[in-house]
Structures are given as C-alpha cells and as structure tokens.
Amino acid sequence: MTTLAEPSVVPQHAAATATHCPYCALQCAMTLTPAAGRAVPVEVAPRDFPTNRGGLCKKGWTSAELLGGAGRLTAPLVRGADGRFTETGWDEALDLVARGIRRTRLEHGADAVGVFGGGGLTNEKAYLLGKFARIAVGTSRIDYNGRFCMSSAAAAGSRAFGLDRGLPFPVEDLDGASTILLLGTNVAETMPPFAGHLAGAQSAGGLIVVDPRRTPTARLAGDGAGLHVQPTPGSDLALLLGITHVVFAEGLVDEGYLAARTSGARGLRRSVAAWWPERTASVTGVPAATIRAVARRLASRPAGDAGTAGRPAGGTYILTGRGVEQHIDGTDTATAAINLALALGLPGTPGSGYGTLTGQGNGQGGREHGQKADQLPGYRKITDPAARAHLAAVWGVPEASIPGPGVPAVELLASLGRPGGVRTLLVHGSNLVVSAPNAASVRSGLGRLDLLVVCDFFLSETAALADVVLPVRQWAEEEGTMTSLEGRVIRRLRAVAAPDGVRDELQILAELARRLDAPSAWPDEPRAVFEELRLASEGGIADYSGIDYGLLDAGEAAHWPYPRGSTGTPRLFADRFAHPDGLARIVSVARHPHPEREAAAARLTLVTGRLLEHYQSGAQTRRVAELRDAQPVARITLHPATAEAHGIADGDPIELGNDRGRVRGLASLSTDIRPDTLFAPFHYPGDETANLVTSDAVDPVSSMPEFKTAAVTVRRIIVEAG
Ligand SMILES: Nc1nc2c(c(=O)[nH]1)N[C@H]1C(S)=C(S)[C@@H](COP(=O)(O)OP(=O)(O)OC[C@H]3O[C@@H](n4cnc5c(=O)[nH]c(N)nc54)[C@H](O)[C@@H]3O)O[C@H]1N2
Ligand SMILES: Nc1nc2c(c(=O)[nH]1)N[C@H]1C(S)=C(S)[C@@H](COP(=O)(O)OP(=O)(O)OC[C@H]3O[C@@H](n4cnc5c(=O)[nH]c(N)nc54)[C@H](O)[C@@H]3O)O[C@H]1N2
Ligand code: SF4
Ligand SMILES: [Mo]
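Just so it is clear, the model here is predicted, and its values are computed rather than measured.

> Tell me about the domain arrangement of the protein, and name the residues and values.
Taken as a whole, the protein is organised into domain 1 (7-68), domain 2 (167-356) and domain 3 (595-716). Taken together, the contacts link eight residues of domain 1 with 11 residues of domain 3. Overall, the association of domain 1 and domain 3 removes approximately 890 Å² of surface from exposure, summing both partners, and the carbon and sulfur fraction of that is 72%. Taken together, the links from domain 1 to domain 3 amount to one salt bridge. Summed over the shared surface of domain 1 and domain 3, the result is three residue pairs in polar contact (both at pLDDT 80 or more). Taken together, the residues that form the side of domain 1 that touches domain 3 break down as four nonpolar, one polar and three charged.

> I'd like a rundown of unusual backbone geometry, residues and numbers included.
Of note, the amide linkage connecting Trp 560 to Pro 561 takes the cis form, showing an omega dihedral of 0°. Tracing the sequence through the fold places Pro 561 in the loop between β21 (558-559) and β22 (584-585). Non-glycine residue Gln 27 carries a positive phi angle of around 50°. Mapped onto the elements, Gln 27 comes out in the loop between β1 (17-20) and β2 (29-34). With relative accessibility at 2%, the residue Gln 27 sits in the buried group. Even without glycine at this site, Phe 573 takes up a positive phi of about 70°. Mapped onto the elements of the fold, Phe 573 is located in the loop between β21 and β22.

> Go over the packing of aromatic side chains with me, naming the residues and quoting the values.
Enumeration according to the criterion identifies 12 aromatic pairs in this entry. Ring geometry for Phe 161 versus Tyr 354: centroids 6.1 Å apart, planes at 45°, classification tilted. Taken together, the residues span a long stretch of sequence, with Phe 161 in helix α4 (residues 151-161) and Tyr 354 in strand β13 (residues 353-356) at a distance of 193 residues. The pair formed by Phe 161 and Tyr 354 is uniform in burial state, with each residue classed as buried. Each ring, one from Phe 530 and one from Tyr 549, has its centre 5.4 Å from the other, and the planes form 40°; the classification is tilted. Placement of the pair is Phe 530 in helix α20 (residues 526-537) and Tyr 549 in helix α21 (residues 549-553), with a sequence separation of 19 residues. Across from the ring centre of Trp 522, 4.7 Å away, lies the NZ or CZ of Lys 131, which sits over that ring.

> Would you mind going over the environment of Arg 79 in detail, with residue names and values included?
Position of Arg 79 relative to the elements: it lies in strand β4 (residues 77-79). A sequence separation of 387 residues divides Arg 79 from Ala 466, and the C-alpha atoms of the two residues are 7.6 Å apart. Setting aside its immediate chain neighbours within four residues, Arg 79 contacts Arg 84, Phe 85, Ala 464, Leu 465, Ala 466 and Asp 467. Separated by 2.8 Å, the side chain of Arg 79 and the backbone oxygen of Gly 83 make a polar contact.

> Can you lay out the site of ligand 1 for me, pointing to particular residues and giving the numbers?
Neighbouring ligand 1 are 33 residues, the closest being Asp 211, Gly 234, Arg 610, His 614 and Gln 616. At 3.3 Å from a nitrogen atom of ligand 1 is found a main-chain nitrogen or oxygen belonging to Glu 189. Interatomic distance of 3.4 Å between a backbone N/O atom of Gly 323 and a nitrogen atom of ligand 1. Burial of ligand 1 by the protein amounts to 99% of the accessible area it has alone, namely 910 Å². Those elements that place two or more of their residues in the shell around ligand 1 are α5 (187-190), α13 (322-325) and β23 (604-609).

> Just give me the short version of the site of ligand 3, but keep the residues and values in it.
With respect to spatial proximity, the complete set of residues near ligand 3 consists of Cys 21, Tyr 23, Cys 24, Gln 27, Cys 28, Leu 56, Cys 57, Lys 59, Gly 60, Met 191, Pro 192 and Pro 193. Tallied by class, residues from the shell around ligand 3 come to nine nonpolar, two polar and one charged. Residue assignment places the shell around ligand 3 across two domains, with domain 1 (7-68) and domain 2 (167-356) each supplying three or more.

> Describe in detail the pattern of salt bridges, supporting the description with residues and values.
Per the counting criterion, the structure on display carries 38 salt bridges. Residue Asp 672 pairs with Arg 219 through a salt bridge whose shortest N-O separation is 2.5 Å. Taken together, the positions of Asp 672 in the loop between β26 (661-669) and β27 (677-681) and Arg 219 in helix α7 (residues 216-222) put the pair 453 residues apart, joining distant regions of the chain. Ionic pairing is found between Arg 514 and Asp 524, a salt bridge with its closest N-O pair at 4.0 Å. With Arg 514 in helix α19 (residues 505-515) and Asp 524 in the loop between α19 and α20, this residue pair connects regions lying 10 residues apart in the sequence. Overall, Asp 524 belongs to the partly exposed group, its relative accessible area being 23%. Linked by salt bridges that have partners in common, Asp 91, Asp 95, Glu 511, Arg 514, Arg 515 and Asp 524 make up one network.

> Could you give me a rundown of the side chain of Thr 331, with the residues and numbers involved?
Tracing the backbone through its elements, the reader meets Thr 331 in helix α14 (residues 330-343). A distance of 3.3 Å separates the side chain of Thr 331 from the side chain of Ser 702, its partner in a polar contact. Filtering out sequence-adjacent residues up to four positions away, Thr 331 remains in contact with Ser 152, Ala 155, Ala 156, Arg 159, Asp 699, Val 701 and Ser 702.

> Before we move on, can you summarise the packing of helix α3 (residues 123-137) against α19 with the specific residues and values?
Contact pair α3 / α19: the axes reach a minimum separation of 10 Å and the direction vectors enclose 15°. With respect to α19, the axis of α3 lies roughly parallel. By crossing handedness, the relation of α3 to α19 is classed as left-handed. Residues Glu 124, Lys 125, Leu 128, Leu 129, Phe 132 and Ala 136 of α3 form the contact with α19, whose participating residues are Glu 505, Leu 506, Leu 509, Leu 512 and Ala 513. Tallied by class, residues from the contact of α3 with α19 come to eight nonpolar, no polar and three charged.

Calculation criteria
Residues numbered from 1 in each chain as written. Chains lettered and ligands numbered in written order. Predicted model: local features only at pLDDT ≥ 70, side-chain atom pairs only at ≥ 80, totals over all residues. Heavy atoms only, no water. Domains from an automatic or database assignment. Contact = heavy atoms within 4.5 Å. Buried area = accessible area lost by both parts, 1.4 Å probe. Salt bridge = Lys/Arg side-chain N within 4 Å of Asp/Glu carboxyl O. Polar contact = N/O pair within 3.5 Å; in protein donor to acceptor, adjacent residues only side chain to side chain. Nonpolar A, V, L, I, M, F, W, Y, C, P; charged D, E, K, R; others polar. Helix = DSSP H or I, 4+ residues; strand = E, 2+ residues; numbered from the N terminus. Buried < 20%, exposed > 50% of the residue type's maximum accessible area, 1.4 Å probe, protein only. Phe/Tyr/Trp six-rings, centres within 6.5 Å; stacked < 30°, edge-to-face > 60°. Lys NZ or Arg CZ within 6 Å of the ring centre and 35° of its normal. Near = heavy atom within 4 Å. Areas by Shrake-Rupley, 256 points an atom, 1.4 Å probe, with all protein chains shown as cover. Axes fitted to C-alpha atoms, helices over the stretch in contact; angles between N-to-C directions. Parallel < 35°, antiparallel > 145°, perpendicular 65-115°, else oblique. Left-handed = near helix turned anticlockwise from the far one by under 90°.

Here it is, written out as structure tokens:
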C-alpha cells in the first residue's frame, strides 16, 4: 500500500501570509507572520477587509495559539482490546478504517455506513466528503452540523427566493441603512467586528434588537434611541405575524412591489388578520405599542435623508440569527420574517434587504457542495434527474450508482447502532457529544457503533470515544477556499507547516477511496479538488465555475453565482428572484401548539447560545489559555427574582433538569434576563453540557432541532470538595 505524500514544504519567501480567521462566517482578514523560535509559530495581525475593517475579536487574535502544538494529535490513534488508544502508523489506521467500512457494507448494506461533516470544512473538503460518501462508500447516509445551524434559514430562503445565500448583499451595504431589525442574534458577541456595520442605523435611532436577553447587542439598541424588544422565548413567529398585521392595518404595505415582484401575497393579509397588536402582546409579552412602533419604523424613510450616489436614502434591513431559527417552527419563523420584508418591499431593493447571518467559517459553502443528505454539489437536489446526470458525467460513474437522499442529522444520529441504522460512522468537523441536541442519547448511540472514526486536530470529547482517531491539518497549515456569510469565496493559505505525523483530510479521503477500490478520480490537492468542484457546480444554483485560485489570489471579490465567463454577483435579486417566474413566493405561515413551550410555561425556559470567548463545542477555544481563563466554567444566567424564589445566590452551583437529563453550572444573577427564562452557553463538556437537557424534536421542513428553548426546573446543589 502506498503511503501518503509528505506535506509540501512551506516556501521560505512567504514572510507574511494574508489569510482569514479560522472561526466564524465573518471570515475576518488577518496577516500571519512567522515568529521564529516561539511556542506559537506565527503572529496574528488584523488586515483590512470589508467585513472586519481591520478588527478582530478575541478568538481571532488568539487563534494562532492552537498552532503551537500543545495537545495536538500527531499520530493516528487506534483503540485496543484493553480500551486504550495506541498510536499507529497511517497505513495501519487507514487499512483498519477501510476494512471496517467494507465489513459494515457487506453485512448491513452501504447505508449502514454514516458520514457526518461540518460547516468549518473548506469547500474542497466538504465537496470531497460528499463525493466520498456517495461514490466511494455508496451510502446515502451523509449529513452535517449545518443542519443544526443554517437549515431553517436555508429552507425558508430557498422556499421564498429560490436560492439560499445568507446575505444576498455585501455586509457594507448595511452601513447606509437607517433601520436594521435584528431577530435573535447577538452579533456583538458572535461577530464583534460586524457590529461596526450597525453604527449608521444605531445613530439614526433605528437599531431594533429582538432577544429575550438584554445582550450586548440589545444594549447597542436599547442604550441609544433604538429598541430592545424582549419577547417570551419561542414567540417570534407570533411577534412577526403581529408586526405584519400592523403593516397591513396601517397601510404601510408596498403594494406596487408585492404586485410586481411576489406571488401568494393575497394569502398573507388573511394569515395575519387575527394577529392584532393586543392579541400578539398577550402571546409574546411585547407591549402592543412597541409592536406598532416597530412596524412604523421599519416602513419609515427618514425625512431629510437624501442618500448618496449609488446608495439610496436610509433603507431598512431585516436580519435573522439562530435565536429565531433553532426552533421546531424555525423555518416558518424565518418565513414570517421574509414575508414581513416582502410586504415592506425590501428584498432586492437597493439600500434595503433581508438576510440571515451564517455562523460557521464555511457555513455557507458547506451547505452548497454536497454534505447535506438531500443535495449534490452546486446546491443541486439529489432527486433531480438532471442534477444526477450532471454529476454522473463529472464523476464518470453511472447515474444509478449515485444514492438517493439520506436522512437529516438528528435522524441519522438516532439511528446509530439500531437495527437498520448506521453501524460505522465517520465524523469530520463536529464535536457531537457536546453540540448535538439530547446529547446523552447521542453518546449512547456512539457507544452502540461497530466502528467510530473521528478526524480532528485534538482529542475532542467525541474523538475520545472513537475507535480510530485520524489527526488532520488545521487552518493555517492547509490550503483551500471558504465562502463567507456574504457568499464571497475567499482563499485560505498555508502559513506554517503542520506537525510531523499530521495528514491533510483530502489525502485521507483519497487514500480511503483507493482502498475501497472506488470508481472515479480522487484528486487530493486542494487546487485540483477545486477544479473538479467548479465542474461539479457548473449550471447549479451555487455555480462556482467561473472562479479559480488565480482569480482569488489576485484579490478579486468573488460572490457566487459566478458562472464561467461571467463576473460575480455581490447583490442578488435586483431584477428577479431565482424561481423560474422570477417572483418571490409568499408562503403564509401560522403559529401551532408547541409541547416544549407549553411545558416551559409551567416551569422555566432554558435558552442556549454563545459567549464571546468560546467557539461552538469549545473543542478549540477551551484549549486557548486566555479564552479559557476568561470563561473557565459554565455560568447559567437567571433573574434575581427567580434565584430568590429557588433559594439561589450568585455563584452558587446549580443544576437544571428535565426528563432528558441534568446540566450543572454556576448561578449568575442578572436583571438582563426575563424572570421566566434562564440562559446557558453550550460550549462546555461533561456535566456542564447544556445539550443534556435540550430536545431533539425537529422542525418539519428543515429538520432543525429545538436548541433554543427547553423546559427545565432549577435547584441549588452541594458540590463535594475535591
Ligand atoms: N463567540 C462565538 N461566536 C460565534 C460562534 C460561537 O460559538 N461563539 N458560533 C458561530 C456560529 S456557528 C453561529 S451559528 C453564530 C450564531 O450567532 P447568534 O445567532 O448571534 O448566536 P446565539 O447565541 O446562538 O443566539 C443569538 C441570540 O438568540 C437569543 N435567543 C434565544 N432564544 C430566542 C428566541 O426564542 N427568540 C429570540 N428572538 N431570540 C432568542 C439568545 O438569547 C442569543 O442572544 O455565531 C457564530 N459566531
Ligand atoms: N444547545 C445548543 N447547541 C447547539 C447550538 C446552540 O445554539 N445551542 N448551536 C448549534 C450550531 S449553530 C452549530 S454550528 C453546532 C456546532 O457544533 P460542532 O458541530 O460541535 O462544532 P465545533 O465545536 O466547531 O466542532 C468542530 C470540531 O471539529 C474540529 N475541526 C475544526 N475544523 C476541522 C476540519 O477542517 N476538519 C476536521 N476533521 N475537524 C475540524 C474541531 O477541533 C472540533 O473538535 O452546534 C450546535 N449546537
Ligand atoms: S468575528 Fe469571527 S471571523 Fe472575526 S475574528 Fe472573531 S471569530 Fe474570527
Ligand atoms: Mo452555527
């Protein structure tokens, strides 16, 4: 068996490397300069770029710490009969994985092999992973953590506009807005440099933030002349129907736009008729006067604002985040936000718009190139005969050999080790036992597998449960492309050599494909994989065929769709939406009963989300001293009145519980939260894992789980010393 190629040597002349942050979708630009002789091999400096304009958050500033090597995996680990890991050679580890895949496939069929990807993977890796699952393994069972992130917004965007690009306009367009409605997003902590783009609306008194917590983002609005709207968790759909009701009732609708650019508008008026402000107030806890004020502000064009050339006077933007999307009615809630935007005539109108804020570094590209259960590269549907024929030709395989649609993440995870379910699972870029809903059941599922293979840089909590762990190159050690929250394709460049023993994930996939005697070609160099991705995406919704590394290296802004021979598309929908008739589709939505929320009404509602210092499951940021020291343990926020009623003082160890499990943390008392609501970050492992109490009930359209609200009880606990 051939061994993998050695990582190519980093050119010595590369004094400074212009690249982007490894973490979130803002993809802040930075320069890495070699720092010879230090524990951390490069120094980070922010670089000017439209999204971050020279800013970085703490995570970006400290991102190079993880290149230093502490805790880094440098050889494949294989679990022995005694249950312990032993370091092995690459051939041995890859042979073992290939044998395991073959055995599962032979005994239980190809669908008994599952693949779980991530929105942090480069486009090249995401693409090759999808191809690997379908063509090398022959399984339909592939999905990824973007299902937990962007799926509701993506489903709503595709349904309404015929295309899902989180922001259909460049971030800088927000600078000229006089009104911005932020629904369930705390950008001041989750994308700090992004907050700079809110300054115009903030100073115009038009920043409106909807969040059950008074977050740093809500403060940007509330402390100025803007508004912080603080609804009952999970009531956003009602709130949006109520605001839309006022838009109709007060004649604020852009009738000309609705007639010219949308279909289905007639049903919309009817669907919001019963949501008059006082009724909406009784469901959401938001005063009727506030609901009216929000509607009026969104429809207003401030007098005296003449605008500038190319930037019309003070427009309005509506943006959603996970706070309104990660619910079992997340797709309908995002749809209600889109419908409100359409009623006001915002999408595609210069200086105004609607968008959703993509989360992970490559959360956008990761959802375009085939990691999703129902999707082929280029954002094509796997059930579409033309799409299948296109990919069959690109891959050189019979169309019938491409599997059909698989199952979404929660269903895939629920099937682990069950009859008819997945028995061998490969994980690339997710720390499931911390980040998946109802985490205890996911942990049991992983325990029932015949073979669990995890690729990671570190021994994450999920990798620690694996049978085989394969150490991969990270961020500044690899080449590739990422697609930012604006749909802009950018280059990730290698600045340092990876530690000895670490392999590129593309090489791992290609090597496994060879060991499985897979048909088709298996390029393992990023540029070659991107060239294949261009062909694969050509003619699809997310068409990258006109983009190449040369263009990106020259610093060209490349927003997809970017068909061969064209230029990119920074702004979408100016003349038409992506449905065949060019119209946006208004799908009327309604609020339905919700068992978890009803249970929560009798107990307390736990809301989960993020802290500035930690990223996701914390697998990376809990290893950075500065970030860990700033937020070393899970702190659960509760209102002083709630705390008093439960005999809890600030700093007390507490436990939240329900029939799914229990989670621990230290009480943090704050009047920034509603008395009926608690907040816990989901970044911590062990008994501080917030997902031990979240529900794996899913949205019927997107299969997004209900991360944001869980019914819980709270109690003070005594923790034994030592
Ligand atoms: N520091 C940091 N930054 C990150 C990440 C990280 O882990 N850490 N992750 C990245 C990723 S992948 C993502 S997806 C983004 C997420 O970015 P955001 O969407 O900004 O983050 P969250 O904290 O998940 O949720 C936002 C807000 O929703 C509120 N919320 C909860 N329930 C409700 C509700 O029912 N209604 C309303 N209106 N609001 C509600 C929460 O109080 C929270 O303040 O962040 C990205 N950036
Ligand atoms: N309760 C609750 N749960 C949530 C959320 C919430 O708001 N509340 N948010 C959800 C959301 S929006 C998201 S995006 C998920 C994220 O949660 P996860 O899917 O767990 O994401 P990360 O913590 O980023 O895990 C990525 C893992 O892959 C590794 N990794 C990073 N890059 C690569 C790579 O290129 N290759 C490989 N092989 N490994 C890599 C990292 O070291 C880390 O161990 O969590 C979801 N879970
Ligand atoms: S905002 Fe996001 S991309 Fe920018 S430095 Fe922070 S984590 Fe990195
Ligand atoms: Mo996310």
